[in-house]
Amino acid sequence: WKFNTVGDEIGFYMVFQDKDLTLINGGRVDSHLETVEGSYKAVIPGRYIFIFDNTFCHFQSKSLHYNIS
C-alpha cells in the first residue's frame, strides 16, 4: 500500500476478517507530511480490510490519495 493525505493526518488500519476483526497494523500516521508505504505477506487466505479513519479529527476535510495492490 501507498497513500498520502492533503490537509492533516489520518488513522490507518489493516485488519483480517475472520469470525472477528483481527488488527494487523494501524494507528495515526502523518500522511500529510510524507507518503506512507508498507506491505504485508498474507499467510492466511481471507479478507483483508484497509480502513482510513478520520473520526478523531472531528471530520476535518482532507483529500486522500492511495494505491493498494
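Structure: see above.
Conventions we followed
Residues numbered from 1 in each chain as written. Predicted model: local features only at pLDDT ≥ 70, side-chain atom pairs only at ≥ 80, totals over all residues. Heavy atoms only, no water. Helix = DSSP H or I, 4+ residues; strand = E, 2+ residues; numbered from the N terminus. Buried < 20%, exposed > 50% of the residue type's maximum accessible area, 1.4 Å probe, protein only. Contact = heavy atoms within 4.5 Å. Lys, Arg positive; Asp, Glu negative; His and termini not counted. Charge placed at Lys NZ, Arg CZ, Asp CG, Glu CD. Pairing = 2+ DSSP bridges. Axes fitted to C-alpha atoms, helices over the stretch in contact; angles between N-to-C directions. Core = buried A, V, L, I, M, F, W, Y, C linked by side-chain atoms within 4.5 Å.

## Observations concerning the overall build of the protein chain
- Within the protein chain, the secondary structure is distributed over zero helices and six strands.
- Across the protein chain, helices and strands are ordered from the amino to the carboxyl terminus as β-β-β-β-β-β.
- Considered along the principal axes of its C-alpha atoms, the protein chain spans approximately 35 × 20 × 15 Å.
- For the protein chain, the proportion of its 69 residues judged to be buried stands at 26%.
- Sequence separation of at least 24 residues holds for 65% of the intrachain contacts in the protein chain that already meet a minimum separation of 6.
- Of the charged side chains in the protein chain, 6 are positive and 8 negative; the average position of the first set lies 8 Å away from that of the second.

## Observations regarding the sheet that holds strand E2 (residues 10-17)
- Read from one edge to the other, the open sheet built from three strands follows the order E3-E2-E5, with strand pairing classed as antiparallel. This sheet does not close on itself; its edge strands, each paired only once, are strand E3 (21-29) and strand E5 (47-53). On average, each strand axis in the sheet is tilted by 15 degrees relative to the strand beside it, whichever way the strands run.
- The sheet contact formed by E2 and E3 spans eight bridges and is antiparallel. Residue pairing across strands places Phe-12 opposite Gly-27, the latter belonging to E3.

## Considerations on the sheet that holds strand E1 (residues 2-6)
- Taken in spatial order, the three strands make up an open sheet running E4-E1-E6, and their pairing is antiparallel. Either end of the sheet is taken by a strand with one partner, and the two such strands are strand E4 (36-37) and strand E6 (63-67).
- When E1 meets E6, the two strands line up antiparallel, connected through five bridges. Its bridge partner lying in E6, Phe-3 is registered against Tyr-66.

## Quick look at the nonpolar core
- Residues Trp-1, Phe-3, Ile-10, Phe-12, Met-14, Val-29 and Val-36 constitute the largest nonpolar core, which totals seven residues.
- Counting residues per element, this core draws most heavily on E2, at three residues.
- Among all residues touching Phe-3, those that are not within four sequence positions of it are Ile-10, Phe-12, Val-29, Ser-31, Thr-35, Val-36, Phe-52, Leu-64, His-65 and Tyr-66.

Function cannot be read off these values alone, since they describe shape.
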